[in-house]
Amino acid sequence: MNTTSDTLECGHSLAELSTYLDTGQIADPVHLETCPECQAGLASLRRLSVLGSELLSSDVADAGSGNDDWMQSILDNLRLELRPGRSIPLHSGNAQDNLWETEGSISALIRSVADALPGTAAGKCRLHGDVTTPGAGITVDVEIAVVYGHPMEERAATLRRELAEALALHTELAIDAIDITVTDVLESPATTEPGTPPSLQTPPDPADSPTTEEQP
Amino acid sequence: MTGSPAAQHQLDLVPDALLAGRAADGDTAAFEALARRHGPLMRATARRLTGSLADADDVVQETLVQAWKQLDGLRDPAAVRGWLLRIVGSRSIDHLRKRRNHADLSGVEDAVDASSGPKHEDPESNALNGSRVEALKAALAKLPEEQRRCWVLKEFNDQSYEEIAQTLNISPASVRGRLARARITLARTMEEWR
């Protein structure tokens, strides 16, 4: 590779400066700071980098929104396979019948209960224990994100109670414990960018005051 | 299972890590929210890498198929964006290789910048910047292909030399060299343009 034309008068090369931009490392940092040639070269590479970001923004704008038809048609083509997880036996009235539900359907149930609480969204959830053996003790692990301003302990207690009810109603699992971890505190939709359409906001609370929202 | 419409919209507000965790659990709605959020960046990168509008959309679709299959192996769910872009990079390079193997198809009819024509630019403040961006597109198009790939993977996808080396199946030292060549040529062109 012919690099002579990239060698600056000070003896250093633009290639070294390019690597310095990415890694912050260069053989002679003291020289770099004081050499006008190197500083000019660095400034030129930085201007290019800024222009590269502008090209990226322009290309992303040209690509359209993720809510446009092109993405919908890609998503329609995907036909995502379901992830059923483990098979959980259900008690059946007739000894000849085998009834099962999937671990995936229980995760979906847990998510829907958590998502239904105002300002709350479920993350990962896990069933610990041998769900394939009827009566085996199971611990449920759920991660949630809560919108800022919602009292967390109260939220976790409500969710724990509602999950216990839903799991008792829809499953035969022997639930030992429900562990809830708040992994994220989300900015309230009102404080996000002003362009956010109302449809993207969390379900409205009947009262603004967070202390009264759980009242019947 | 997609839940209520309200819950669906709520997904647009939650961070990547949470969506990736749900998607790994099998929540298709969370996966689609991720796809919509990062789709434009994935499409833009694939367009710059493949140079073809149709190939780019194929790349995005293949990326999402692969991502869905491999998501539960993703170690750091918060890094899902960079992970998706690395898949976009590999799939784009695959498309370029396939296209080269079909020499008769090499003339790309839906070239990315071909039909751009007069752009919807802000006539005033953005005109100068807009035309500098156009000049950069032209300069990029003249680069040797390997250099252009390195530049796009670095500047659009923010990949490390090692990651780019893996994607392109060359050594990190070659990546460093090609990236430097690309930048020097582009910087010179743009300095003349200033």
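Placed above this text is the structure.
Going along each chain's sequence as written, the residues are numbered from 1 onward. Each chain takes a letter, starting from A, and each ligand takes a number, starting from 1, following the order in which they are written. A pLDDT threshold of at least 70 governs which residues receive local features in this predicted model, and a stricter bar of 80 or more applies before side-chain atom pairs are shown or counted, although totals over entire chains, interfaces and linings include all residues. The basis for every side-chain value is the complete set of non-hydrogen atoms in the structure, without hydrogens or water.

Colleague: Could you clarify how one ought to interpret empty space enclosed by the protein in this entry?
Modeller: Residue and element names in this part refer to chain B. Buried and open spaces are told apart on a 1 Å grid over the protein atoms alone, a cavity being a set of points where a 1.4 Å probe fits but cannot get out and a pocket being an open set with protein on both sides within 12 Å along at least five of seven lines. Residues with an atom within 4 Å of a point are the lining residues. Grid points are joined across faces, edges and corners, and a volume is the space filled by probe spheres set on the points. Applying the stated rule across the entire model yields two cavities of 30 Å³ or more. Volume-wise, the second largest cavity comes out at about 30 Å³. Contributing elements (two or more residues each) for the lining of the second largest cavity: helix H3 (28-50), helix H4 (53-70) and helix H5 (80-101). Grouping the amino acids of the lining of the second largest cavity by side-chain chemistry returns nine nonpolar, no polar and no charged. Note on conventions: DSSP H or I runs of at least 4 residues are helices, E runs of at least 2 residues are strands, and numbering of each starts at the N terminus. In this classification, Asp, Glu, Lys and Arg are treated as charged, Ala, Val, Leu, Ile, Met, Phe, Trp, Tyr, Cys and Pro as nonpolar, and every other residue, Gly included, as polar.

Colleague: Please explain the interface of chain A and chain B as it appears in this structure.
Modeller: Quite often, the size of an interface is put as the accessible area lost when its parts meet. By definition in these notes, contact holds between two residues if any of their heavy atoms fall within 4.5 Å. On the chain B side, the residues contacting the 63 residues of chain A number 63 residues. Both faces combined, the contact of chain A with chain B buries some 5700 Å², and carbon together with sulfur accounts for 61% of it. Take a side-chain nitrogen of Lys or Arg and a carboxyl oxygen of Asp or Glu: if they are within 4 Å of each other, that pair is a salt bridge. Note that Asp59(A) and Arg48(B) form a salt bridge whose closest N and O atoms lie 2.6 Å from each other. Polar contacts here mean pairs of N or O atoms no more than 3.5 Å apart (in protein, one a potential hydrogen donor and the other a potential acceptor; neighbouring residues in sequence count only if both atoms are side-chain atoms). Taken together, the links from chain A to chain B amount to 18 residue pairs in polar contact (both at pLDDT 80 or more). Contributing elements (two or more residues each) for the side of chain A that touches chain B: helix H1 (14-23), helix H3 (36-63), helix H4 (69-78), helix H5 (103-116), strand S3 (120-128), strand S4 (137-147) and strand S5 (174-186) of chain A. Per-class residue counts for the side of chain A that touches chain B are 27 nonpolar, 23 polar and 13 charged. A 1.4 Å probe defines the accessible area here, and the buried area is the portion of it lost by two parts on being joined, summed over both.

Colleague: Is there a simple way to explain the pattern of salt bridges in this structure?
Modeller: Once the charged atoms of two side chains with opposite charge are near each other, the side chains can pair. Within this structure, the stated rule accounts for 21 salt bridges over all chains. Across the pair Arg183(B) and Asp22(A) runs a salt bridge whose closest N-O atoms are separated by 2.9 Å. You can see Arg183(B) sitting in helix H9 (residues 172-193) and its partner Asp22(A) sitting in helix H1, one on each of two chains. Only protein chains enter the accessibility calculation, which uses a 1.4 Å probe; a residue is then buried when its area is under 20% of its type maximum, exposed when over 50%, and partly exposed in between. Taking relative accessible area as the criterion, Arg183(B) reaches 5% and is therefore assigned buried. Given the relative accessible area of 26%, Asp22(A) is considered partly exposed. When the shortest N-O distance is used, the salt bridge between Glu146(B) and Arg149(B) registers 3.6 Å. Note that Glu146(B) and Arg149(B) are positioned in helix H7 (residues 145-155) at a spacing of three residues, about one turn of the helix.

Colleague: What is the right way to read the packing of aromatic side chains from this model?
Modeller: Geometry of an aromatic ring pair is reported as the spacing of the ring centres plus the angle between the planes. Residue and element names in this part refer to chain B. Aromatic pairs are defined between Phe, Tyr and Trp rings, using the six-membered ring for Trp, whenever the two ring centres lie within 6.5 Å; interplanar angles under 30 degrees are classed as stacked, those over 60 as edge-to-face, and all others as tilted. Inspection of every chain in the model, using the stated rule, returns two aromatic pairs over all chains. Considering the side-chain rings of Phe31 and Trp68, the 5.1 Å spacing of their centres and the 70 degrees angle between planes classify their relative orientation as edge-to-face. With Phe31 in helix H3 and Trp68 in helix H4, this pair connects stretches of sequence that are 37 residues apart. Summarising the burial analysis for this pair, Phe31 and Trp68 share the class buried. Their ring planes at 55 degrees and their centres at 6.3 Å tell us that Trp151 and Phe156 sit as a pair that is tilted. Residue classification places Trp151 among the buried positions, given a relative accessible area of 0%. A residue is classified by how much of its surface remains accessible, and Phe156, at 3% relative accessible area, is buried.

Colleague: What's the story with H1(A) in this structure? I'm lost.
Modeller: The α-helix advances 3.6 residues per turn, and as a result positions three or four apart in sequence lie on the same side. Of all the positions in H1(A), only Leu14(A), Leu17(A), Ser18(A) and Thr19(A) are classed as buried. One or two residues past the end of H1(A) sits Gly24(A), with phi positive at roughly 75 degrees.

Colleague: What am I meant to see in the nonpolar core here?
Modeller: The criterion is simple. A nonpolar core is a set of buried Ala, Val, Leu, Ile, Met, Phe, Trp, Tyr and Cys residues joined through side-chain atoms within 4.5 Å. Formed by 78 residues in total, the largest nonpolar core has its most connected members in Leu17(A), Phe31(B), Leu64(B) and Trp151(B). Counting residues per element, this core draws most heavily on H3(B), which supplies ten residues. Residues in contact with Phe31(B), not counting those within four places in the same chain, are Leu78(A), Leu80(A), Ala23(B), Leu64(B), Ala67(B), Trp68(B) and Leu71(B). Counting residues in each nonpolar core, the second largest holds 24 residues, with Ala122(A), Val140(A), Leu159(A) and Ala166(A) among its members.

Colleague: Help me out: how do you make sense of a nonpolar patch on the surface in this one?
Modeller: On the surface, Tyr148(A), Met152(A) and Val185(A) cluster together to form a nonpolar patch covering roughly 330 Å² of accessible area. Residue classification places Val185(A) among the partly exposed positions, given a relative accessible area of 46%. Put simply, a patch holds well-exposed residues, over 30% relative accessible area, that have no salt bridge, with like charges counted together within 9 Å and Val, Leu, Ile, Met, Phe, Trp or Tyr side chains within 5 Å. Accessible surface is estimated by sampling points in the Shrake-Rupley manner with a 1.4 Å probe; for residues, cover comes only from the protein chains shown.

Colleague: Looking at this structure, how should I read the state of the cysteines?
Modeller: Joining two cysteines, a disulfide is a covalent bond between their sulfur atoms. Only a pair of cysteine sulfur atoms within 2.5 Å qualifies as a disulfide here. In total, this model carries zero disulfides over all chains according to the counting rule given. Free cysteine: Cys10(A), not disulfide-bonded; nearest cysteine sulfur from Cys35(A) at 3.6 Å.

Colleague: I keep staring at the sheet that holds S4(A) and nothing clicks. Help me out?
Modeller: Strands in a sheet are paired, the pairing made by backbone hydrogen bonds, and the direction either parallel or antiparallel. Residue and element names in this part refer to chain A. Each pair of strands is called paired provided DSSP finds at least two bridges between the two strands. Sheet architecture is open: three strands sit in the order S3-S4-S5, paired in mixed fashion. Bordering the open sheet on either side are S3 and S5, each of which pairs with just one other strand. Across the sheet, the mean angle separating the axes of adjacent strands is 20 degrees when strand polarity is ignored. When S3 meets S4, the two strands line up antiparallel, connected through seven bridges. Looking across to S4, one finds that Leu127 is bridged to Val140. Across the face of the sheet, H5 comes into contact with S3 and S4 while running at roughly 150 degrees to S3. Whenever a helix is involved, its axis is fitted only over the stretch in contact; in every case the axis is a line through C-alpha atoms, and angles between N-to-C directions fall within 0 to 180 degrees. Lying over the sheet, helix H6 (residues 152-170) contacts S3, S4 and S5, oriented at roughly 140 degrees with respect to S5.

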